[in-house]
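Overview (structure and organization)
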Amino acid sequence: MRTVAETRKKKQVVIAVIDTGADTHHKELRPYLWENLGEMGYDMNGQPKQSNGVDDDNNGYIDDVHGWIL
């Protein structure tokens, strides 16, 4: 059995916020938010991929810039 200290050294922790109230524009939260780069930038029609209504990265979710709400 490993000690707590050994476990902390070897594992990384990923935290997901499951909340529809997250402010993605908050100045202190913004640097820590995951961004789906496949949904960033502009499409071939010059529209922003973040809100063009298309699954630009073909992962099954439309405009999932900061995750997906079920």
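That block above? That's the structure.
What you see is a predicted model; the values in this text were computed from it and never measured.

With that settled, the discussion passes to unusual backbone geometry. One non-glycine residue, Asn58, lies in positive phi territory at about 55 degrees. Within the fold, Asn58 resides in the segment after helix H1 (4–10). On the basis of relative accessibility, which here comes to 68%, the residue Asn58 falls in the exposed class. We note that Asp63 has phi near 55 degrees; this positive angle belongs to a residue other than glycine. Residue position: Asp63 is located in the segment after H1.

About the cut-offs
- Residues numbered from 1 in each chain as written.
- Predicted model: local features only at pLDDT ≥ 70, side-chain atom pairs only at ≥ 80, totals over all residues.
- Heavy atoms only, no water.
- Helix = DSSP H or I, 4+ residues; strand = E, 2+ residues; numbered from the N terminus.
- Buried < 20%, exposed > 50% of the residue type's maximum accessible area, 1.4 Å probe, protein only.

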